[in-house]
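Chain by chain, the residues:
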Amino acid sequence: MLLTHGLLDISVQRRARLLKANVVAFDSAAQSVTVGLESGLSIEARHVVLATGYVVPDIVKLKARPASSWAIATRRQPGNLWPEQALIWEASRNYHYARTTADGRIILGGEDDHALIKPEVRNNVTPAKVVALKNYLKALWPHASDRVDFAWSGAFDTTHDGLPLIGAVPSCKNIFAAFGYGGNGITFSFLAAGLLAALLGGGSSPLLDDLAIDRDILG
């Protein structure tokens, strides 16, 4: 949340205008894109970039699947952290990740499940997931205390290949998308910013084929 507010503050300082409104329609038939608002007003822009998280407008056709994930935050233990407090992320399908906080906690997450989606179901299995995460933390970094101060879970969508959706929206001239599916939005948004800035400036990248909105893997 603090990161989001910080980025919005910087945007305003650079003369961006922030509007609180619900979008109900897009029209890209003309040279500019017209965005229709629920209030009846409209906005015109040379280019539109959709970065709306998991709320996808009708003009973007995709298939995604939901998953649930769990995380724990330990007690404060600044003397038990690993060197340089690097972010740890497994390069595997059933991954775990671990990071530290400024006040010396360890946050460990993972145990994703595509079947346990409903909130009441997630809540029922949370105690078992917490135990699994604590056991993993002990195996990963035996020096750490596994006393948990906070535990939580949430649902998110993933594409079938685990990659984000970045690039031009098919059949919608001058409309682009930056969707960081898979729970990796901060990383993918940084990638999307560079790719879309280059694309709008007349450049390209081979990554745009792999991340295309209409790539075959979504079909």
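The residue numbers shown here count from 1 along each chain, following its written sequence. Where local features are concerned, this predicted model is filtered to residues with pLDDT of at least 70; where side-chain atom pairs are given and counted, the filter is 80 or more; whole-chain, interface and lining totals use all residues. Heavy atoms throughout the structure, all of them, feed into the side-chain values; hydrogens and water do not.

Please explain the overall build of the chain as it appears in this structure.
Counting its secondary structure elements, the chain contains four helices and eleven strands. Viewed in the frame of its principal axes, the chain has a C-alpha envelope of about 60 × 40 × 40 Å. Here the chain holds 219 residues, and 31% of them are scored as buried. Counting contacts in the chain only where the partners sit at least 6 residues apart, residues at least 24 apart contribute 63% of the total. Total accessible area on the chain stands at roughly 13500 Å², and carbon and sulfur atoms take up 56% of it. For helices the rule is a DSSP run of H or I covering at least 4 residues; for strands it is a run of E covering at least 2, with both sets numbered from the N terminus onward. For every residue, the accessible area obtained with a 1.4 Å probe (protein chains only) is divided by the maximum for its type, and the residue is called buried under 20%, exposed over 50%, and partly exposed between those limits. Contacts are residue-level and defined by heavy atoms, with any inter-residue pair within 4.5 Å sufficient. Areas reported here follow the Shrake-Rupley algorithm with a probe of radius 1.4 Å; residue values treat only the protein chains shown as occluding.

So what exactly am I meant to see when it comes to the nonpolar core here?
Generally speaking, nonpolar side chains in soluble globular proteins are found buried as a group. Take the buried residues of types Ala, Val, Leu, Ile, Met, Phe, Trp, Tyr and Cys, join any two whose side-chain atoms come within 4.5 Å, and each joined set is a nonpolar core. In terms of nonpolar packing, the biggest core is built from 14 residues, with Val-48, Leu-50, Val-60, Val-169, Ile-175, Ala-177 and Phe-179 touching the most fellow members. Of all the secondary-structure elements, those providing two or more residues to this core are strand 2 (33-37), strand 4 (48-50) and strand 11 (175-179). Leaving out residues up to four positions away in the same chain, Ile-175 has contacts with Phe-26, Ser-28, Val-33, Val-48, Leu-50, Ile-59, Ala-168 and Val-169. Counting residues in hydrophobic clusters, the runner-up holds eleven residues, among them Trp-82, Val-130, Leu-133 and Ala-144.

What am I meant to see in the packing of aromatic side chains here?
Aromatic rings in a pair are described by how distant their centres are and how their planes are angled relative to each other. Pairing of aromatic rings covers Phe, Tyr and Trp, the last counted by its six-membered ring, and requires centre-to-centre distances within 6.5 Å; plane angles under 30 degrees mean stacked, over 60 mean edge-to-face, and any other angle means tilted. Taken as a whole, this structure holds four aromatic pairs when the rule is applied. Ring geometry for Trp-82 versus Trp-141: centroids 6.2 Å apart, planes at 80 degrees, classification edge-to-face. Placement of the pair is Trp-82 in the loop between strand 5 (65-74) and strand 6 (88-89) and Trp-141 in the loop between helix 2 (119-140) and strand 9 (148-158), with a sequence separation of 59 residues. For Trp-141, a relative accessible area of 21% translates into the label partly exposed. The interplanar angle of 20 degrees and the centroid separation of 5.1 Å between the aromatic rings of Trp-89 and Tyr-97 together place this pair among those described as stacked. Judged by relative accessible area, Trp-89 falls into the partly exposed class, the value being 39%. Within the aromatic cluster, the residues linked to one another by ring pairs are Trp-89, Tyr-95 and Tyr-97. The ring centre of Trp-70 lies 4.8 Å from the NZ or CZ of Lys-129, which sits over that ring. Put simply, a charge is over a ring when the Lys NZ or the Arg CZ is close to the ring centre, within 6 Å, and near the line of the ring normal, within 35 degrees.

For this particular structure, what's the right way to read the pairing of strand 11?
Two faces make up the sheet, and in a regular strand the side chains alternate between them. In terms of residue burial, strand 11 counts as a mostly covered element, since five of its five residues are buried. Strands were regarded as paired on the criterion that DSSP finds at least two bridges between them. As paired strands, strand 4 and strand 11 are joined by three bridges and run parallel to one another. Within strand 11, the residue paired with Leu-50 across the bridge is Ala-177. Bridging between strand 10 (residues 165-168) and strand 11 involves four bridges; their strand directions are antiparallel. Its bridge partner lying in strand 11, Ile-166 is registered against Ala-178.

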